[in-house]
Amino acid sequence: MRMWVYVIRRAVLVVPVVIGVMTVLFVLISSLPVNERTCSYFRPSGRTSPCSPTISCPTNPSQLCPNPVYQQAVNSLGLNQPIPVQWAIYMGNALTFNWGYVSQGSALGTGLGGLGLPALHGEPVVTVLGQFLPYTIELALLSLLFILIISIPLGNLSAVYRNRPIDQASRIMSFSGFAIPAFLLGTLVLAVAAFAFGGPGAKSTICGGTSTVFLDFWGSWPQPPCAPLFGTANLSPIGYPNWLASGYISSPTGFPTIDAAIHGQYWLAADTLLRIVLPALVIAYGTIAILLRFVRNSMLEVMNLDYIRTARAKGLPESKVIKKHAGRNSLNVTITVLGLTFAGFITGFPVIESVFNLWGVGRIYAYAIIGLPKDWDFAVIFGSTLLFTYMVVAANIIVDILYAYLDPRVRLG
Amino acid sequence: MTGGMEGADTVAAQTEAPPTSEFRRSLRARWAQYQRTWYFLRRNTLAMVGLIVLLLFAAAFVYGVTYPASTSDPVQYCASNGPEPVGPGNPCYLNPNTVCTYPQGTVSPSPGCYQTPSQYPNFIAPTYTLTATGAFPMGSLVYPASDLNPNAPFFYNTYTMLVKGTVNSVGISVIIVASGAILGLILGALSGYFGGWIDEIVMRVTDVFLSVPGILLVIAVIIVGKSAGFVDFNTTLALIAIAFIIVWWPFYARIVRSQALVVREQRYVEAARASGASHGRILRKHIIPNSVYPVFVQMSLDVGSIPLLLAAIVFIGFVLFPFPLIPEWGSVAAAGASLLTSIFLNCSAGAACVIPWWQILFPALAIFFFAISVNFFADGLRDALDPRLRR
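Throughout this document, residue positions are counted from 1 along each chain, in the order its sequence is written. Lettering for chains starts from A, numbering for ligands starts from 1, and both go in the order in which the items are written. Local features in this predicted model are restricted to residues of pLDDT 70 or higher, and side-chain atom pairs are both shown and tallied only at a pLDDT of 80 or more, whereas totals for entire chains, interfaces and linings draw on every residue. By convention in this description, side-chain values take in all heavy atoms of the structure and omit both hydrogens and water.

1. Describing the overall build of chain B
Part 1 of the reasoning: Helix numbers and strand numbers start at the N terminus; a helix is a DSSP run of H or I with at least 4 residues, a strand a run of E with at least 2. The helix and strand tally for chain B stands at 13 helices and 4 strands.
Part 2 of the reasoning: Here chain B holds 391 residues, and the buried ones make up 51% of them.
Part 3 of the reasoning: Here, two residues are considered to be in contact whenever any of their heavy atoms come within 4.5 Å of each other. Across chain B, every contact between residues at least 6 apart in sequence was considered, and the portion connecting residues at least 24 apart equals 68%.
Part 4 of the reasoning: Using a 1.4 Å probe, accessible areas were evaluated by the Shrake-Rupley method; residue-level cover was limited to the displayed protein chains. Total accessible area on chain B stands at roughly 17600 Å², and carbon and sulfur atoms take up 65% of it. For every residue, the accessible area (1.4 Å probe, protein chains only) is compared with the maximum for its type, and the residue is labelled buried under 20%, exposed over 50%, or partly exposed between those bounds.

2. Digging into the overall build of chain A
Part 1 of the reasoning: Secondary structure assignment for chain A yields 19 helices and 2 strands.
Part 2 of the reasoning: The contacts of chain A with a sequence gap of at least 6 include a subset with a gap of at least 24, amounting to 65%.
Part 3 of the reasoning: As displayed, chain A has an accessible area near 17500 Å², and 67% of this comes from carbon and sulfur atoms.

3. Considerations on the interface of chain B and chain A
Part 1 of the reasoning: At the junction of the two partners, chain B supplies 52 residues and chain A supplies 56 residues.
Part 2 of the reasoning: Accessible area that two parts lose when put together, evaluated with a 1.4 Å probe and summed over both, is termed the buried area. A combined buried area of about 4600 Å² lies between chain B and chain A, and 77% of that area is made up of carbon and sulfur atoms.
Part 3 of the reasoning: We count a salt bridge whenever a side-chain nitrogen from Lys or Arg sits within 4 Å of a carboxyl oxygen from Asp or Glu. Between the two partners, chain B and chain A, sit 1 salt bridge.
Part 4 of the reasoning: Here Asp379 of chain B and Arg293 of chain A are joined by a salt bridge, their closest N and O atoms 2.8 Å apart.
Part 5 of the reasoning: For the purposes of these results, a polar contact is taken to be a pair of N or O atoms within 3.5 Å, where, inside protein, one atom must be able to donate a hydrogen and its partner to accept one; residues adjacent in sequence count only when each atom of the pair is a side-chain atom. Here chain B and chain A share 1 residue pair in polar contact (both at pLDDT 80 or more) between them.
Part 6 of the reasoning: Elements with a contribution of two residues or more to the side of chain B that touches chain A: α6 (196-211), α7 (214-227), α10 (279-315), α11 (329-338), α12 (340-348) and α13 (357-385) of chain B.
Part 7 of the reasoning: It is α7 of chain B that contributes the most residues to the side of chain B that touches chain A, 11 residues altogether.

4. Structural notes on the nonpolar core
Part 1 of the reasoning: Within this scheme, the nonpolar core is defined by two criteria: the residues are buried Ala, Val, Leu, Ile, Met, Phe, Trp, Tyr or Cys, and they are joined through side-chain atoms within 4.5 Å. By size, the foremost hydrophobic cluster in this structure holds 171 residues, and its most contacted members are Phe183, Phe382 and Leu386 of chain A together with Ile219, Phe244, Ile287 and Phe318 of chain B.
Part 2 of the reasoning: Excluding residues that lie within four positions of it along the chain, Ile219 of chain B makes contacts with Tyr365 and Ile369 of chain A together with Ile313, Ile316 and Phe318 of chain B.

5. Some thoughts on the state of the cysteines
Two cysteines whose sulfur atoms are joined by a covalent bond form what is called a disulfide.
All names here are of chain A.
Part 1 of the reasoning: Cysteine sulfur atoms are paired as a disulfide whenever they come within 2.5 Å of each other. Summed over all chains, the structure comprises 1 disulfide over all chains.
Part 2 of the reasoning: Residue pairing for Cys57: its cysteine sulfur links by disulfide to Cys65, the two sulfurs lying 1.4 Å apart. Between Cys57 and Cys65, the S-S torsion sits near 85°, and that sign places the bridge as right-handed.

6. Some words on the packing of helix α3 (residues 34-41) of chain A against helix α18 (residues 378-406) of chain A
All names here are of chain A.
Part 1 of the reasoning: At a closest axis distance of 8 Å, the pairing of α3 and α18 adopts a crossing angle of 75°. In terms of orientation, α3 and α18 fall into the roughly perpendicular class. Of the residues in α18, those in contact with Glu36, Ser40 and Tyr41 of α3 are Phe378, Ala379 and Phe382.
Part 2 of the reasoning: Three classes are used: nonpolar for Ala, Val, Leu, Ile, Met, Phe, Trp, Tyr, Cys and Pro, charged for Asp, Glu, Lys and Arg, and polar for all others, with Gly counted as polar. Class assignment of the residues belonging to the contact of α3 with α18 gives a composition of 4 nonpolar, 1 polar and 1 charged. Axis definition: a line fitted to C-alpha atoms, over the contacting stretch in the case of helices. Angles run 0 to 180 degrees between N-to-C directions. Note that the term roughly parallel is reserved for angles under 35 degrees, roughly antiparallel for angles over 145, roughly perpendicular for angles of 65 to 115, and oblique for everything else.

7. Section: the packing of aromatic side chains
Part 1 of the reasoning: Within 6.5 Å between ring centres, the rings of Phe, Tyr and Trp (the latter by its six-membered ring) count as paired, and their orientation is classed by plane angle as stacked under 30 degrees, edge-to-face over 60, tilted in between. Applying the stated rule across the entire model yields 21 aromatic pairs over all chains.
Part 2 of the reasoning: Taking the centre distance of 5.3 Å and the plane angle of 40° together, the rings of Phe97 of chain A and Trp99 of chain A count as tilted.
Part 3 of the reasoning: Ring centres 5.9 Å apart and planes at 85° place the aromatic pair Tyr293 of chain B and Phe296 of chain B in the edge-to-face group. Of this pair, Tyr293 of chain B and Phe296 of chain B are both found in helix α10, 3 residues apart, which corresponds to roughly one turn of the helix.
Part 4 of the reasoning: Counting every residue linked through ring pairs, the aromatic cluster contains Phe97, Trp99 and Tyr390 of chain A.

8. Quick word on a nonpolar patch on the surface
Residues and elements named next belong to chain B.
Part 1 of the reasoning: Here the term patch refers to residues with relative accessible area over 30% and no salt bridge, with like charges joined within 9 Å and nonpolar side chains (Val, Leu, Ile, Met, Phe, Trp, Tyr) within 5 Å. Taken together, the side chains of Trp357, Leu361, Leu365 and Phe369 present a nonpolar region at the surface, about 380 Å² in accessible area.
Part 2 of the reasoning: When you line up the elements, Leu361 lands in helix α13.
Part 3 of the reasoning: Note on Leu361: relative accessible area 38%, which makes it partly exposed.

9. Details of the pattern of salt bridges
Pairing between side chains becomes possible if they bear opposite charge and their charged atoms approach one another.
Part 1 of the reasoning: Evaluated as defined, the whole model comprises 12 salt bridges over all chains.
Part 2 of the reasoning: One salt bridge connects Asp400 of chain A with Arg10 of chain A, and the closest N-O pair in it is separated by 2.3 Å. One end of the pair, Asp400 of chain A, is in helix α18; the other, Arg10 of chain A, is in helix α1 (residues 2-12), and 390 residues separate them in sequence.
Part 3 of the reasoning: Put simply, Asp167 of chain A and Arg296 of chain A hold a salt bridge, and the shortest N to O gap is 2.9 Å. On the criterion of sequence distance, the pair formed by Asp167 of chain A in helix α8 (residues 165-179) and Arg296 of chain A in helix α13 (residues 277-303) is long-range, its members being 129 residues apart. Of the two residues, Asp167 of chain A and Arg296 of chain A, both sit in the buried class.
Part 4 of the reasoning: In this structure, a network of salt bridges that share partners links the residues Glu200, Arg204, Asp207 and Arg254 of chain B.

10. Observations regarding unusual backbone geometry
Residue and element names in this part refer to chain A.
Part 1 of the reasoning: A positive phi is found at Phe97, a non-glycine position, where the angle reads about 60°.
Part 2 of the reasoning: In this fold, Phe97 is placed in the loop between α5 (83-95) and α6 (107-110).
Part 3 of the reasoning: The backbone of Asn163 sits at a positive phi, close to 65°, despite the residue not being glycine.

11. Observations concerning the environment of Pro289 of chain B
Part 1 of the reasoning: Position of Pro289 of chain B relative to the elements: it lies in helix α10.
Part 2 of the reasoning: Beyond its immediate sequence surroundings of up to four residues, Pro289 of chain B is in contact with Arg30, Leu283 and Arg284 of chain B.

12. Looking at the packing of α8 of chain A against α13 of chain B
Part 1 of the reasoning: In the contact formed by α8 of chain A and α13 of chain B, the axes pass within 8 Å of each other and the chain directions differ by 125°. As judged from the angle between their axes, α8 of chain A and α13 of chain B are oblique. Of the two elements, α8 of chain A crosses α13 of chain B, and the hand of that crossing is right-handed. Between α8 of chain A and α13 of chain B, the contacting residues are Phe175, Ser176, Phe178 and Ala179 of chain A on the first element and Ile367, Phe368, Ala371, Ile372, Asn375, Phe376 and Asp379 of chain B on the second.
Part 2 of the reasoning: Residue classes in the contact of α8 of chain A with α13 of chain B are distributed as 8 nonpolar, 2 polar and 1 charged. When the near helix sits turned anticlockwise from the far one by under a right angle, the crossing is termed left-handed; a clockwise turn instead gives a right-handed crossing.

13. Digging into the confidence of the model for chain B
All names here are of chain B.
Part 1 of the reasoning: Known as pLDDT, the predictor's per-residue confidence is scaled from 0 to 100. Per-residue confidence for chain B averages 71 on the pLDDT scale, and 63% of its residues sit at or above 70.
Part 2 of the reasoning: Considering only residues more than four positions removed or in separate chains, one finds that residues 1-13, a stretch of pLDDT under 50, has 5 contacts.
Part 3 of the reasoning: Long-range and interchain partners of residues 69-139, a stretch whose pLDDT sits below 50, account for 141 contacts in this model, where long-range means more than four residues apart.
Part 4 of the reasoning: Model confidence for the complex is summarised by a pTM of 0.80, with the ipTM given as 0.85.

See the structure below:
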């Protein structure tokens, strides 16, 4: 029962944080010029946006009249109200996932021409982000798996074999993880993979597009069929599993791998999974670099404690002492540090998804801030920031609960 | 370990010397502490390597500041109506007026031709030339015309970029980290020392900032600033600094607070309070000086990470600086790397593969060596400051 009390107490602590984050974003949004705010947060009838306060008069086109749609947007967003009221309206919208609409003139709204992304203008931001979120979650989960299965054993080993070659290797790995830009590591990994796995089959085209060795290095896998995404536009040559978005098979969960497996399309599931192995490793690398140091140091401290000496004195084999007695502690350290670095971890997604041509929310975010100010999409920018923040907050709750589960002193103390 | 004992003896000798003034006495004690830290730091080979590389970077910084203005202009504009360039020695030797249309994906019929931009952000393969400018022969990258670059084509010389990039990258990192640390130090010390509602407010605010992914908040602040009309080069630099400081101080505040919580319970703080010292004096003389060491470690780690973050921001397509690029390591390398996919697309379609490797490699190496030497140094500093790790 104490566990449930702890969970509830932890969940209540989230409330001020979420209110604070929204307030920070509100301060930023309300510092935007008023046109940008009305433009991207309000959708009147149809898909047009109320970008200009004035429009040309129907009776005399040389004159300008007040734009009724714009006035409507100002009223609806409360822009003519006092600041506290605006704040309350924003909080309500943010909490009810009413995050605005993709605006008409932005890069996302106009569809980025050559890249084949359809024009998304007028789509609710939540819908757009929700469509691309499952793919990012798959990537994140795989990446977390790599973090756990690499950093804990390697950190333990480098503590046990202190100052031996494996310790030096892990130290080099750790330092280089701090110093190599993620985009560069990603590009290098991609290039190596392309030459290693590419082969002649890899040069085959996806969907008649101009795919290359680089974009499609798993060329030996059967290609998914081509079909348009969102009606008319085609998402090729990008790497998003467009067989899913195109309705080639229905997607009950939205997670590409799971959906393919549900339908018995195991080669599709394997293909989708294999494509995110390398990006997940690259994302994991930065966090592993941090974790290796912490796991090693905590292991070194634990190895000198009395209970380890006791375990050895009573004749336990060394492997058991390390695995059962000392090693148990490194999981706690890993979980704690993961919670602290999760915000940094998920900011790697826009970069890595751009390198590997994956279409998750990070990529959508990258296209919301691309180019000149006229190409920016404010609703998507602030919506993504809110989404990423929710992910961090949720991850922190999960981490704290896991930590309390692993360490009874936390929940009982 | 004999050296350690000697160090301790020196400290004892210095503290026993007759005090001349309170200020000098405290200075002497502190100096002895620095000497002790330096003693342990000196024995750490990696930290010393890091320090030497950092000193080289400091020298490069000075060199970059004094680099002659006439040749240091990193961006060589080749105005479309400018004088006719003369040859490979001249960075503008490609005739910018030569706009030749040829089927996309085919090899340029003659040097100096670039494809007309048909579709934003359609990529046009860069042409390049290797020029011997400065100490090393390095390439320049020609940026073709686009919405972002109306002054096309312009040349980027890698050597001048590296030299000037040291000034900008190191300078902005140090400014950001120092300001963030000072802000965090003050707020963290207040919060840890006084506790109560000040602590509550500061900690809730840091909670909020630690929950928002840092880069996204930085980008949001920069975007709002640029929308509000701060667009030119110097204001952009200021904007970046402000955005990072807003995001960075909570980390320092947390560190300092946790230290201050320990320090305020110490006997010497109690003694100071008993002898009538004011809060301000205790904060200045006891709390802050005794909480500052972990901040140094965190600062040295963070200085190395800021060029990496700037690179990440530029790589995902955010135009951090008003185009053309300004010489900042991260943004230059990222701009080069972000061209790669398009280059491979083009050259697999039959065009010549021109990979601007120098634009990616050299700034990335600079970032790598800067970050890794900073990390070596910070790691050694932490070991030197933490008695438990001196085994």
